[in-house]
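Observations on the model geometry
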Amino acid sequence: MFALWYLTFAVDEIRKQDTMVDAAVLAKLEEGYAKLAASDSKSLLKKYLTKEVFDNLKNKVTPTFKSTLLDVIQSGLENHDSGVGIYAPDAEAYTVFADLFDPIIEDYHGGFKKTDKHPASNFGDVATFGNVDPTNEYVISTRVRCGRSMQGYPFNPCLTEAQYKEMEGKVSSTLSGLEGELKGKFYPLTGMEKAVQQQLIDDHFLFKEGDRFLQTANACRYWPSGRGIYHNDAKTFLVWCNEEDHLRIISMQQGGDLGQIYKRLVTAVNEIEKRVPFSHDDRLGFLTFCPTNLGTTIRASVHIKVPKLASNKAKLEEVAAKYNLQVRGTRGEHTEAEGGVYDISNKRRMGLTEFDAVKEMYDGITELIKLEKSL
């Protein structure tokens, strides 16, 4: 009887330790939280991590990978200038730390409430979209990309080096089976020859080790192990393996033929999914490392030259807001437009289908070109 009692007691203790947050982690959380609370940070993390939410979540861990609140908010605690400030260390984090993720998701994704459900994936009729700029006067280049996570693997902070390498092997063999215009070659970052590296830099294909926001989120461990790049022969289709997401799937080309670019992406995603199951949630859609990139995970963008609208920024912003578009400089977030050239993309990724997300960009760009012509 005593032996049975002792065994039960021992199992309970092990379980308790398994779901307990380490004292050093708790101390780091408390210290980081105090500094963030006293800061003038404008991040969504600061906005929604109230003392009550913090106290409610600081002792929780995810069931499978034992991720803590520190894994979720570490980047935002260390970088007070973050826009968002949180990442998901594994898929379960979206549920376990929902008290923090849900309001941030709602804020970023334009009112996607915790009672809302992302619609089923639907790429629609790919033939709907044509060329937004048939005369090549305004659109320099167009790209559509999406992020995907491989089922059964955690996100960056929890991945082991062996898992990184295993995933790279799966991705490489999957992509080598692609045919037609998607046919190409996979280049592992590890042991890459200098000439190949230079060519990929010249093509603007090579991704670098993450910035300080990703570094502090533990997204760059074991670099460059398990990372790689695939591109087709025409250099219009690209896959990044284990950069920020497990997979970034990108279709792009010069000019404004969105229809052709979108069709290529849809074909590729469907082909890859036949061989690699993706991580998907019934409520949030496709899951990735960053809560800004959920649902469809689709970002459709153009580099567009609109010098007249560039001198009337208010009008540009007005049209962008009407179609839920994000306007950035051509070098990405937080950069200025160079020579009246902007990077303009759909902002909404949740609560609508892939087709509708791309259509917002298509309609918005069509309107901007019409406006530029009339000025």
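The present account deals with the structure reproduced in this document. Note that this is a predicted model, so its numbers are computed, not measured. (Residues numbered from 1 in each chain as written. Predicted model: local features only at pLDDT ≥ 70, side-chain atom pairs only at ≥ 80, totals over all residues. Heavy atoms only, no water.)

**Topic: the packing of helix α2 (residues 23-38) against helix α5 (residues 69-78)**
It is at 10 Å that the axes of α2 and α5 come closest, and there the two elements cross at 35°. Between α2 and α5 lies a crossing of left-handed hand. When α2 is examined against α5, the residues Val 25, Lys 28, Leu 29, Gly 32, Tyr 33 and Leu 36 are found in contact with a partner set consisting of Leu 69, Leu 70, Ile 73, Gln 74, Gly 76, Leu 77 and Glu 78. Class assignment of the residues belonging to the contact of α2 with α5 gives a composition of 8 nonpolar, 3 polar and 2 charged. (Axes fitted to C-alpha atoms, helices over the stretch in contact; angles between N-to-C directions. Helix = DSSP H or I, 4+ residues; strand = E, 2+ residues; numbered from the N terminus. Left-handed = near helix turned anticlockwise from the far one by under 90°. Contact = heavy atoms within 4.5 Å. Nonpolar A, V, L, I, M, F, W, Y, C, P; charged D, E, K, R; others polar.)

**Examining the sheet that holds strand β8 (residues 299-305)**
Think of a sheet as strands paired side by side through backbone hydrogen bonds, with each pair either parallel or antiparallel. Strand order in the open sheet formed by 8 strands is β2-β3-β4-β5-β1-β8-β10-β9, with antiparallel pairing between adjacent strands. Both outer strands of the open sheet, β2 (184-188) and β9 (325-329), are each paired with one neighbouring strand and no more. Along the sheet, successive strands turn relative to each other by an average axial angle of 20°, direction set aside. Note that β8 and strand β10 (residues 341-346) share 5 bridges and pair antiparallel. Bridge assignment links Ile 304 to a residue of β10, and that residue is Tyr 342. (Pairing = 2+ DSSP bridges.)

**What to know about unusual backbone geometry**
Between Trp 223 and Pro 224 the backbone carries a cis peptide bond, its omega angle lying at 0°. Of note in the backbone geometry, Asn 218 takes a positive phi value of approximately 60° without being a glycine. Counting through the fold element by element, Asn 218 comes out in the loop between α10 (212-216) and β3 (228-232). Its relative accessible area of 29% is what places Asn 218 among the partly exposed residues. With a phi close to 60°, Lys 235 is a non-glycine residue in the positive phi region. With respect to the secondary-structure elements, Lys 235 resides in the loop between β3 and β4 (237-241). (Buried < 20%, exposed > 50% of the residue type's maximum accessible area, 1.4 Å probe, protein only.)

**Here's the deal with the side chain of Asp 133**
Tracing the backbone shows Asp 133 in the loop between α7 (98-108) and β1 (139-148). We note that Asp 133 is buried and unpaired, the nearest opposite charge coming from Lys 373 at a distance of 6.1 Å. Side-chain polar atoms of Asp 133 contact the backbone nitrogen of Val 139, separated by 2.7 Å. In this structure, Asp 133 is in contact with Tyr 138, Val 139, Gly 256 and Ile 369, ignoring residues within four places of it in sequence. (Lys, Arg positive; Asp, Glu negative; His and termini not counted. Salt bridge = Lys/Arg side-chain N within 4 Å of Asp/Glu carboxyl O. Polar contact = N/O pair within 3.5 Å; in protein donor to acceptor, adjacent residues only side chain to side chain.)

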